[in-house]
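What follows is the residue order along each chain.
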Amino acid sequence: MNLDDPRHPWTRLTAGARSARDERETAAPFGFATRLSALAFGRKPGALVERLALRALGLACLLAVLSAASNFSVLRLGSVGGEEELAEDDPVVLLLGD
Amino acid sequence: MPDDEVPPFDLAGCLDGVRRRDQAAARALVDHLYPLVIRIVRSHLPRRVPEEDLAQEVFMKMFTRLGQYQGAVPFPHWVSRIAVTTCIDHLRAQKRRPEFRWADLSENEAEVLDAVMTNENDVPANDAIAAHEIVHKLLAQLNAEDQMVIRMLDLEQKTIAEIAALTGWNQSLIKMRAFRARRKLQKLFKEIQRKERT
């Protein structure tokens, strides 16, 4: 029997299914349109915080680079005679002597 | 004009407002189109996808693509097409198709299916919901595109031209998909008959 045949189980099932009435609400849920329009126009509540946080991160990186550059000479001197200077001030070395 | 008569919705004005990023116009547009979108979403809803999430996705696409709308078709048709293609995308994403088993049917659904398989009577009006459930479970055996075509043809009784307008597929492709889907359904019915109700 062909699927288009009115006696075919499929045809009778679909005819029955068509008569089922969907009585669910079709209006938009409360707040749906407001949430969507806010999303669509990109005015998310966290957007400002996110933007500021990114700027703060950029500023922090810049400050770190500047501070490393301005203290470069000190760091370099420290690395040259570092071990001897440290040993002079080390209380363990002072107590135990050479 | 009587006081309680609702004025017709000014769609063109509303669209102009949305293009100017007027949130009130956007809200009005969503409220106006929600019944249309939710009907499409409900009739093609994939398993385990909340209808509100799918409706939200449809509206987000509508807002994003609004600049592409040229007015060649009425705006609700354009939105319907977005809704249909979004549903197809979700149906496609669900690659696993659960096997159709008598054991997964409710008692009433099994009785209705048993009745249509063994006699030639129409489904009684009080079993319409069960018939609806069975049809959806049978359709879930088909791939996304075939499901869409058969649902529109046999449940919504749309014409090939209407389906073409909604999906963007050409008419020969729709006919071919319908033919292939019917053949699969025919095979499925034979299998159901063979397994029989235990």
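The model shown is predicted, which means the values in this text are computed figures rather than measured ones.

1. A few points about the packing of aromatic side chains
A full pass over the atoms with the stated rule returns eight aromatic pairs over all chains. Here the aromatic rings of Phe75(B) and Trp78(B) are separated by 5.4 Å at their centres, their planes lie at 35°, and the arrangement is tilted. Highlighted residues: Phe75(B) and Trp78(B), both in helix α4 (residues 75–93), separated by three residues, approximately one helical turn. Residue classification places Phe75(B) among the buried positions, given a relative accessible area of 2%. In textbook terms, an aromatic cluster arises when at least three aromatic residues are bridged by ring pairs, as seen for Phe32(A), Tyr34(B) and Phe59(B). One Lys or Arg, Arg177(B), reaches over the ring of Trp169(B) and ends 4.4 Å from the middle of that ring.

2. Observations concerning the domain arrangement of chain B
Residues and elements named next belong to chain B. Examined at the domain level, chain B breaks down into domain 1 (1–96) and domain 2 (98–198). Using only C-alpha atoms to locate each centre, domain 1 and domain 2 end up separated by 27 Å. Each partner contributes to the interface: domain 1 provides twelve residues, whereas domain 2 provides 14 residues. Between domain 1 and domain 2 lies a buried interface of about 1,200 Å² when both sides are counted; carbon and sulfur atoms form 64% of it. Three residues, His44, Arg81 and Leu91, lead the burial of domain 1 against domain 2; their summed loss comes to 40% of the area buried on that side.

3. Notes on the nonpolar core
Counting 47 residues, the largest nonpolar core has Leu29(B), Phe59(B), Met62(B) and Phe75(B) as its most contacted members. Of all the secondary structure elements, the ones that give two or more residues to this core are α2 (32–40) of chain A together with α1 (11–19), α2 (23–43), α3 (51–64), α4, α7 (144–155), α8 (160–167) and α9 (171–195) of chain B. Per element, the largest residue contribution to this core is ten residues, and it comes from α2(B). Split by domain, this core shows at least three residues from each of two domains, domain 1 (1–96) and domain 2 (98–198) of chain B. Discounting chain neighbours no more than four positions away, the residues touching Met62(B) are Leu29(B), Leu33(B), Phe75(B), Trp78(B), Val79(B) and Ile82(B). In this structure, Trp10(A), Leu13(A), Ile134(B) and Val135(B) belong to the second largest nonpolar core, which totals 27 residues.

Cut-offs applied
Residues numbered from 1 in each chain as written. Chains lettered and ligands numbered in written order. Predicted model: local features only at pLDDT ≥ 70, side-chain atom pairs only at ≥ 80, totals over all residues. Heavy atoms only, no water. Phe/Tyr/Trp six-rings, centres within 6.5 Å; stacked < 30°, edge-to-face > 60°. Helix = DSSP H or I, 4+ residues; strand = E, 2+ residues; numbered from the N terminus. Buried < 20%, exposed > 50% of the residue type's maximum accessible area, 1.4 Å probe, protein only. Lys NZ or Arg CZ within 6 Å of the ring centre and 35° of its normal. Domains from an automatic or database assignment. Contact = heavy atoms within 4.5 Å. Buried area = accessible area lost by both parts, 1.4 Å probe. Core = buried A, V, L, I, M, F, W, Y, C linked by side-chain atoms within 4.5 Å.

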